[in-house]
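Chain residues, written in single-letter form:
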Amino acid sequence: MVAKFVLAALMAVTVMGAPRPDSPPSYGPPPSYGPPPSYPAPSYKEPGMPFDFAYAVKDDYKGVDFAHDENSDGHVTSGSYRVALPDGRTQIVTFTADHTNGYVAQVNYEGEAQYPETKPYAPSAYAPPSYGPPTPYA
């Protein structure tokens, strides 16, 4: 009996000595840091590089027709591209781009839009399938 009492007392002392979860943790003073390092301001504008490229795809069987050509002297970029639109017209965009004026485009269309005749909806001529009662499981 005495051993049980001593064991219970030791458990109570152990529990009372443990830190309570509702008390905030104690920390030391904050660390002291030196002054932040100084870096040069970043420079994002890099000099332009001259380039020139062009490509074109034309497939009469599939109806694909587009092209793009572009060139730059390192300061001003100019070019054009053309696309065959689904309505039968061809869209031609001629553009220039630089750091002063931004992107300036001239859009032109060749041809006239053609829209196919729409047909009214007609339901299927077939009857819907008829299903019998489900087969019972054995």
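Just so you know, these numbers come straight off a predicted model, no measurement behind them. (Residues numbered from 1 in each chain as written. Predicted model: local features only at pLDDT ≥ 70, side-chain atom pairs only at ≥ 80, totals over all residues. Heavy atoms only, no water.)

### Concerning the pattern of salt bridges
- Within this structure, the stated rule accounts for 4 salt bridges.
- Among the salt bridges present, the one from Asp60 reaches Lys58, with a minimum N-O distance of 3.7 Å. In this pair, the class of Asp60 matches that of Lys58, namely exposed.
- Between Lys58 and Asp65 there is a salt bridge, with the nearest N and O atoms lying 3.6 Å from each other.
- Residue classification places Lys58 among the exposed residues on the basis of a relative accessible area of 59%.
- Taking relative accessible area as the criterion, Asp65 reaches 22% and is therefore assigned partly exposed.
- One network of salt bridges, in which partners are shared, links Lys58, Asp60 and Asp65. (Salt bridge = Lys/Arg side-chain N within 4 Å of Asp/Glu carboxyl O. Buried < 20%, exposed > 50% of the residue type's maximum accessible area, 1.4 Å probe, protein only.)

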